[in-house]
Amino acid sequence: SWIYLDGKFVPAEEAAVSVYDHGLLYGDGVFEGIRAYNGRVFRLEEHVKRLYDSAKAIMLEIPMTEEEMAAAIRETLRKNGLSDAYIRPLVTRGVGDLGLDPRKCAKPTVMIISQKWDAMYGDLYDVGLTAITVTVRRNSPAALPPNIKSLNYLNNILAKIEANVKGGNEAIFLDDAGNISEGSGDNIFVVKDGEISTPYTANNLKGITRLAVIEVALARGYGVKEANLGLFDLYTADEIFVTGTAAEVAPVTKIDGRVISGGRPGPVTKDLMEGFKEMTMTTGTP
Ligand code: PLP
């Protein structure tokens, strides 16, 4: 396959960055995960915007316009002949020296990786995920704001490891205050008495799928609210699901040993899974 690297397409085997790239040395960079369905890129503009917002928040100037980035993403798909794909644009601070001062990095490194892709949880969409709330806390908005989609995913990886060790398919973070934050790579929703709630976005990534699913829910007549949710809300939920570019809408039917929705995806979750699928099939940038 072909990788977009600093303005050129390079065969994947040859696509490499320097060991002095600060993306590697310090996790100094930002990224996005984007999906294409049926040859159309889902919410392309929103993802590009979030990439540039993440970059701006860390004072990283991406050396191309948002329009050029969007065009490069679409060109990467065309070049690879992909119509259903996962696309990973990354921008690092670039090549510097062993010091962490970003002023030593002359120009950011821009990469776009793409691959054929199907929804990440396979058979689990039918039975639901087992989720584990983890002891690792989501990084605090006061430290590294979770809204920045930076290359510092070690927290998320520690959370995933904890879930793996405890037999879960996905990790759910709490924040410092004990509020539910999000999954290691997706946002979380709770259904109770027919109403849908999801945490505010101060302590998690402002998911693009999250917003799309809220739109689907409202269009289908559900009430949706943002709220501070705690463990009690999860354990007593009628239904739980997570949303993300890679996960799409995925039911959670067990959390910390508590069975949710009788251990099967519930009716609201199924309705939203269907509505979201329809949205991905009928919208997007060709
Ligand atoms: N939360 C985290 C930590 C993520 O990495 C992701 C994935 O991008 C999400 C949530 C879901 O966001 P989106 O729906 O924009 O993919």
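Higher on the page you've got the structure.
Analysis parameters
- Here the residue numbers are simple positions, counted from 1 along each chain's written sequence.
- Where totals are concerned, whole chains, interfaces and linings use all residues; where local detail is concerned, this predicted model gives features only for residues with pLDDT of at least 70, and gives and counts side-chain atom pairs only at 80 or more.
- As a rule here, side-chain values come from all non-hydrogen atoms in the structure, and water together with hydrogens is ignored.
- In these notes, a set of buried Ala, Val, Leu, Ile, Met, Phe, Trp, Tyr and Cys residues joined through side-chain atoms within 4.5 Å is what counts as a nonpolar core.
- Throughout this description, buried means an accessible area under 20% of the type-specific maximum (1.4 Å probe, protein chains only), exposed means over 50%, and partly exposed covers the range between.
- Helix and strand definitions follow DSSP, with helices as H or I runs of at least four residues and strands as E runs of at least two, each counted in order from the N terminus.
- Polar contacts here mean pairs of N or O atoms no more than 3.5 Å apart (in protein, one a potential hydrogen donor and the other a potential acceptor; neighbouring residues in sequence count only if both atoms are side-chain atoms).
- In what follows, residue pairs with any heavy atoms lying within 4.5 Å of each other are defined as contacts.
- We define a salt bridge as a contact between a side-chain nitrogen of Lys or Arg and a carboxyl oxygen of Asp or Glu at a distance within 4 Å.

S.K.: Sorry, what's going on with the nonpolar core here?
M.R.: Nonpolar side chains in soluble globular proteins tend to end up buried together. By size, the foremost hydrophobic cluster in this structure holds 38 residues, and its most contacted members are Ile-172, Ile-196, Leu-234, Ile-240, Phe-241 and Leu-272. If you list the elements that add at least two residues to this core, you get β8 (129–137), β9 (170–174), β11 (187–192), α6 (208–219), β14 (239–244), β15 (248–255) and α8 (267–282). Judged by nonpolar contacts, the second largest core, of 26 residues, contains Leu-60, Met-64, Leu-77 and Val-91.

S.K.: Help me understand the side chain of Glu-248 in this model?
M.R.: Mapped onto the elements, Glu-248 comes out in strand β15. Under the relative-accessibility criterion, Glu-248 is labelled buried at 13%. There is a polar contact of 2.8 Å between the side chain of Glu-248 and the side chain of Tyr-37. Setting aside residues no more than four positions away along its own chain, Glu-248 makes contact with Arg-35, Tyr-37, Ala-119, Thr-209, Val-242, Thr-243 and Phe-276.

S.K.: Teacher, can you tell me more about the pattern of salt bridges here?
M.R.: When their charged atoms lie close together, side chains carrying opposite charge are able to pair. A complete count under the given rule lists 17 salt bridges for this structure. The residue Glu-32 makes a salt bridge to Arg-50 at a minimum N-O spacing of 2.7 Å. Linking Glu-32 in the loop between β3 (29–31) and β4 (34–37) with Arg-50 in helix α2 (residues 44–57), this pair joins segments that are 18 residues apart in sequence. The buried category is assigned to Glu-32, whose relative accessible area is 0%. With relative accessibility at 11%, the residue Arg-50 sits in the buried group. Its salt-bridge partner being Lys-104, residue Asp-97 comes within 3.1 Å of it at the nearest N-O pair. Ionic contacts of the salt-bridge type, sharing partners, join the residues Arg-220, Asp-271, Glu-274 and Glu-278 into one network.

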